[in-house]
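Structure assessment
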Amino acid sequence: EHAWEILMEIRLRITEVTGGLTCSAGIANNFFLAKICADRKKPDGQFAIAPDRDAVMAFIENLPTRKVGGIGKVTEKILSKLGMNTLGDVRKEIYRILHAFTPKAGEFLARVSLGVGEEEGKQSNA
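Summarised in this report is the structure supplied together with it. Residue positions are counted from 1 within each chain, in the order its sequence is given. Restriction of local features to residues with pLDDT of at least 70 applies here, the model being predicted, together with a cutoff of 80 or more for giving and counting side-chain atom pairs; totals for whole chains, interfaces and linings are based on all residues. Excluded from the side-chain calculation are hydrogens and water; included are all heavy atoms of the structure.

Among buried residues, those of type Ala, Val, Leu, Ile, Met, Phe, Trp, Tyr and Cys that are joined through side-chain atoms within 4.5 Å constitute a nonpolar core. Only protein chains enter the area calculation, which uses a 1.4 Å probe; residues under 20% of their type maximum are buried, those over 50% are exposed, and those in between are partly exposed. Ranked by size, the top nonpolar core spans 22 residues in total, and within it V68, L79 and L109 carry the most contacts. Runs of E in the DSSP output that reach at least two residues are strands. Runs of H or I that reach at least four are helices, and both are numbered from the N terminus. Those elements that place two or more of their residues in this core are α2 (31-40), α3 (53-61), α5 (87-92) and α7 (103-113).

Encoded structure:
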């Protein structure tokens, strides 16, 4: 609740300082999820995921794979051909992911399907 209010204030100040430019923002356990939250309320809003495992898993269960930064058109197409269109699908078939993709890409897909962000300062692409 406190984070929500702080974020509202930051967004208001951005609008004031820039002469009317708006922004969206997200609140979540990690940058990966916060970025998806912010994308949900573009161009001028904010969205939050409660900081508990059940809320995170419910949020990502039906999230289309293409909504994840690092999953581009090619990876989306491969996943779709494997019958995986959401992060919930990926999580349920993680053993197939680990065999169908490179170790780096497989690890990335496993992490995002569990709602786990990358290590600080490290970014991976599938």
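Two rings belonging to Phe, Tyr or Trp (six-membered ring only in the last case) form a pair when the distance between their centres is within 6.5 Å. Interplanar angles under 30 degrees mark stacking, angles over 60 mark edge-to-face geometry, and anything in between is tilted. Inspection of every chain in the model, using the stated rule, returns one aromatic pair. Ring centres of F47 and F59 lie 5.8 Å apart, and the angle between their planes is 35°; on these two criteria the pair is classed as tilted. One end of the pair, F47, is in strand β2 (residues 46-48); the other, F59, is in helix α3, with twelve residues separating them in the sequence. Over the aromatic face of F47 sits the side chain of R40, whose NZ or CZ is 5.3 Å from the ring centroid. When the NZ atom of lysine or the CZ atom of arginine is within 6 Å of a ring's centre and also within 35 degrees of its normal, the charge is said to sit over that ring.

Here T86 lies in the loop between α4 (73-81) and α5. In this structure T86 comes out as buried when scored by relative accessible area, which is 15%. Polar contacts, as counted here, are pairs of nitrogen or oxygen atoms within 3.5 Å of one another; within protein the pair requires one atom able to donate a hydrogen and one able to accept it, and residues that are adjacent in sequence qualify only if both atoms are side-chain atoms. Within the structure, T86 has its side chain in polar contact with the backbone nitrogen of D89 (distance 3.1 Å). By definition, residues are in contact when any of their heavy atoms lie within 4.5 Å. If sequence neighbours within four positions are ignored, T86 has contacts with E61, N62, L63, P64 and T65.

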